Amino acid sequence: MADTHVLFVEDDDVIREATQLALERDGFVVTAMPDGLAGLEAFRADRPDIALLDVMVPGLDGVSLCRRIRDESTVPVIMLSARADSIDVVLGLEAGADDYVTKPFDGAVLVARIRAVLRRFGHASGPDGAGARTADAPEPAEAILRFGDLEVDTEGMEVRKGGVPVALTPTEMRLLLEFSDAPGTVLSRDRLLERVWDYGWGGDTRVVDVHVQRLRGKIGQDRIETVRGFGYKLRG
């Protein structure tokens, strides 16, 4: 990860400087900015591999900055929020963030979450790629899977609905691949957290719920069915 470039946007001087030093000790290259507008300029100039955005920053708040980044790139984004139960967490995920970390955070935990995100994005293929599947993920029998008017190209990492390309973020693509591997099978939120977000422990299921809603908005609201009390399944 020595060449991994992190954009870190945080207005608290102490947190920003301490976190930058901690990340640099772990081999990351860090561009740290104190506000959202400076962060947007740095993102456009440097094209980092991952962005860490505090929700409450001046100029352009973290949620708005995430939305601007997502308009231009599929680079992974982790939001930093002072409260785990804050509506800002959901707003950040809805804006296109891939994960979030609650403040105050342990430096080792933050590094672990960054590396988990980069692993599932297939860092070696570049920050804007669709990402690679985990080595233990079974390969489907066919390269192109069809579910009604939805086509999933598991080799080209492309999705089409009614013949029209659908732009998915790497996290959304990995989520769809999990559903495509087992159409009609109910997948629990915990399983999706483990398979897509690389959580070997119980995480916040809101991450799953918001990403499913985002995915539904792109491939069709009725394509993924909610099975109350159990999870979700892809309709064949």
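So, here is what we can say about the structure in this document. (Residues numbered from 1 in each chain as written. Predicted model: local features only at pLDDT ≥ 70, side-chain atom pairs only at ≥ 80, totals over all residues. Heavy atoms only, no water.)

Summarising burial for strand S4 (residues 77-81): 5 of the 5 residues are buried, a large majority. Along S4, one buried face is formed by Val77, Met79 and Ser81 and the opposite face, lined by Ile78 and Leu80, is buried too. Two elements, strand S3 (residues 50-54) and S4, share 4 bridges in a ladder whose sense is parallel. Counted as the bridge partner of Asp54 is Leu80 from S4. Tracing the backbone out of S3, into helix H3 (residues 62-72) and back to the parallel element S4 gives a crossover that is right-handed. Where S4 meets strand S5 (residues 99-102), 4 bridges bridge the pair, whose relative direction is parallel. Its bridge partner being in S5, Ser81 is matched across the sheet by Thr102. (Buried < 20%, exposed > 50% of the residue type's maximum accessible area, 1.4 Å probe, protein only. Helix = DSSP H or I, 4+ residues; strand = E, 2+ residues; numbered from the N terminus. Pairing = 2+ DSSP bridges. Right-handed = clockwise from strand over helix to strand, strands pointing away.)

Another point: the nonpolar core. With 50 residues, the main nonpolar core has Leu53, Met79 and Phe179 as its most contacted residues. By residue number, the principal contributor to this core is helix H8 (residues 206-219), which donates 6 residues. One finds Phe8, Ile50, Leu52 and Ile78 within the second-largest nonpolar core, a separate group that totals 16 residues. (Core = buried A, V, L, I, M, F, W, Y, C linked by side-chain atoms within 4.5 Å.)

Attention now goes to the pattern of salt bridges. Tallying each qualifying case throughout the model produces 21 salt bridges. The residue Glu151 makes a salt bridge to Arg146 at a minimum N-O spacing of 3.5 Å. Residue Glu151 is classed as partly exposed on the basis of its relative accessible area, which comes to 23%. Salt-bridge contacts for Glu172 lead to Arg214; the nearest nitrogen and oxygen are separated by 3.0 Å. Linking Glu172 in helix H6 (residues 170-181) with Arg214 in helix H8, this pair joins segments that are 42 residues apart in sequence. Both residues of the pair, Glu172 and Arg214, count as buried. (Salt bridge = Lys/Arg side-chain N within 4 Å of Asp/Glu carboxyl O.)

Our focus in this paragraph is helix H5 (residues 107-120). With 14 residues, H5 ought to run about 20 Å at 1.5 Å a step, and its terminal C-alpha atoms sit 20 Å apart, in line with that. For H5, the set of buried residues is Leu110, Val111, Arg113, Ile114, Ala116, Val117, Leu118 and Arg120. Elements that come into contact with the buried residues of H5 comprise helix H1 (13-25), S3, S4, S5, H6 and helix H7 (189-196). At the N-terminal end of H5, a side-chain oxygen is found 2.8 Å from the backbone nitrogen of Ala108, two or three residues along, and the residue is Asp106. (Expected span 1.5 Å × (residues − 1). Contact = heavy atoms within 4.5 Å. Polar contact = N/O pair within 3.5 Å; in protein donor to acceptor, adjacent residues only side chain to side chain.)

The subject of this paragraph is the sheet that holds strand S1 (residues 5-9). With parallel pairing, the 5 strands of this open sheet are ordered in space as S2-S1-S3-S4-S5. The sheet is open, and its two borders are formed by strand S2 (29-33) and S5, each paired with just one other strand. Pairwise comparison of adjacent strand axes, ignoring direction, gives a mean angle of 20° for this sheet. Taken strand by strand, H1 contacts S1, S2 and S3, and its axis lies near 170° from that of S2. Against the sheet, H5 contacts S3, S4 and S5, and its axis sits at roughly 175° relative to S5. (Axes fitted to C-alpha atoms, helices over the stretch in contact; angles between N-to-C directions.)

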